[in-house]
Amino acid sequence: MRLYLELAKKAAQRQLAYRQANLAGLATNLFFGALRAYVLIALYGLRPEIAGYTLTAAITYTGLTQAILRAVQIFGWQDLMKTVRSGDIASDLAKPFDYYAFWLAQDIGANVVHLIVRGIPIILAYAIATPIVWPSDVNAALAFAFSLLLAMLVSFAWRFCVNITALWSADALGFARLGYTLAMFLSGFLVPVAFFPPWLKTLAAWTPFPAMIETPVQIWLGILSGPAASSALVQQAFWVGVMMLLGRLMLTAGTRKLVIQGG
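Here we summarise the structure given alongside this text. (Residues numbered from 1 in each chain as written. Predicted model: local features only at pLDDT ≥ 70, side-chain atom pairs only at ≥ 80, totals over all residues. Heavy atoms only, no water.)

Next up on the list: the side chain of Thr62. Locating Thr62 in the fold gives a position in helix H3 (residues 55-72). What Thr62 contacts, discounting residues up to four positions off in sequence, is Gly33, Arg36, Ala37, Leu40 and Tyr126. (Helix = DSSP H or I, 4+ residues; strand = E, 2+ residues; numbered from the N terminus. Contact = heavy atoms within 4.5 Å.)

See the structure below:
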């Protein structure tokens, strides 16, 4: 356990070292958050509510999704894939640690920094610029925090599965881009899943993607509360288990293939 804590710590320190990149990322998130907010304001017009979202809730949604986007990392992560291309994965697999936990610890360490450096400033900026929705009480805030942790775990498990396909395909990057685009849409990042037509909402519900964005956002906004929030947390935990198991099975199968090809 100490090894993985140190890995998380080192990943956090590496992320903190990129100060200019962090500031640039923060500015980019704020810009696109404001752009998305203005689009929703135009969409609402004089309507007080759409699909359970008030205008204030919808604006908060844009700020919150921008705040957690980099921490959840539903797109753009190719670190593991790069080690497959370079061949470094062979030496990593030979080292005396759990390979899956090795990458998970680093992911969590970097994501904590993203929450602090980007997430908190974005929410505070929104709160200064416009009225936003806050968690209704301590229990709601704790439920959101737990949901966000589960969201990060689901996201990592998904990204691990996408990256490990590089053991089978030379065009894994193309598959990753397709997968990340799908995740951005069905997770509720671009627009809330509640805005989807019924058939698409049903389709999204059968995927792990809403657990990455939609669920923690709805808990923050109070759209999910009490038993509904508890049920949503159980669903997130279910997807964590399923996707992590799938990732480990893919790793086992890929490792056998790597050994056969490598001799």
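So, on to the pattern of salt bridges. In this structure the tally under the stated criterion is two salt bridges. Between Arg248 and Asp98 there is a salt bridge, with the nearest N and O atoms lying 2.9 Å from each other. Here Asp98 lies in the loop between helix H5 (88-94) and helix H6 (99-129) and Arg248 lies in helix H11 (residues 227-262), a separation of 150 residues in the sequence. By relative accessible area, Asp98 is classed as partly exposed at 29%. One salt bridge in this structure joins Asp107 and Arg159, with 2.8 Å as the shortest N-O distance. You can see Asp107 sitting in helix H6 and its partner Arg159 sitting in helix H7 (residues 138-164), a full 52 residues away along the chain. The exposure classification of Asp107 matches that of Arg159, with both residues buried. (Salt bridge = Lys/Arg side-chain N within 4 Å of Asp/Glu carboxyl O. Buried < 20%, exposed > 50% of the residue type's maximum accessible area, 1.4 Å probe, protein only.)

Take the environment of Ala157 next. Mapped onto the elements of the fold, Ala157 is located in helix H7. Of the residues examined, Ala157 reaches a relative accessible area of 0% and is grouped as buried. C-alpha separation for the pair Ala157 and Phe97, spaced 60 residues apart in sequence, amounts to 18 Å. With residues near it in sequence (within four places) discarded, Ala157 still touches Tyr100, Met243 and Met244.

For the rest of this paragraph, the subject is the packing of H7 against helix H10 (residues 214-221). Between H7 and H10, the shortest axis-to-axis distance is 9 Å and the interhelical angle comes to 175 degrees. As judged from the angle between their axes, H7 and H10 are roughly antiparallel. Counting all contacts with H7, which are made through Ala140, Ala143, Phe144, Ser147, Leu148 and Ala151, the residues of H10 involved are Thr215, Pro216, Ile219 and Trp220. Here the contact of H7 with H10 is composed, by residue class, of eight nonpolar, two polar and no charged. (Axes fitted to C-alpha atoms, helices over the stretch in contact; angles between N-to-C directions. Parallel < 35°, antiparallel > 145°, perpendicular 65-115°, else oblique. Nonpolar A, V, L, I, M, F, W, Y, C, P; charged D, E, K, R; others polar.)

Since the α-helix packs 3.6 residues into each turn, any two residues three or four apart lie on the same face. In a regular helix each residue adds 1.5 Å, so 27 residues correspond to 39 Å; H7 covers 39 Å between its end C-alpha atoms and thus fits that length. For H7, the buried fraction is high: 20 of the 27 residues fall into the buried class. Sitting at the amino-terminal end of H7 is Asp137, which places a side-chain oxygen 3.2 Å from the backbone nitrogen of Asn139. (Expected span 1.5 Å × (residues − 1). Polar contact = N/O pair within 3.5 Å; in protein donor to acceptor, adjacent residues only side chain to side chain.)

When two helices pack together, their arrangement is given by the angle between their axes and by how far apart the axes lie. Running from N to C, H7 and helix H8 (residues 172-186) point in directions that differ by 160 degrees, and their axes come no closer than 9 Å. For the element pair H7 / H8, the angle class is roughly antiparallel. With respect to the hand of their crossing, H7 and H8 are arranged in right-handed fashion. Contacts from Trp158, Arg159, Val162 and Asn163 of H7 reach H8 at Phe175, Ala176, Gly179, Tyr180 and Ala183. Looking at side-chain class alone, the contact of H7 with H8 contains six nonpolar, two polar and one charged residues. (Left-handed = near helix turned anticlockwise from the far one by under 90°.)

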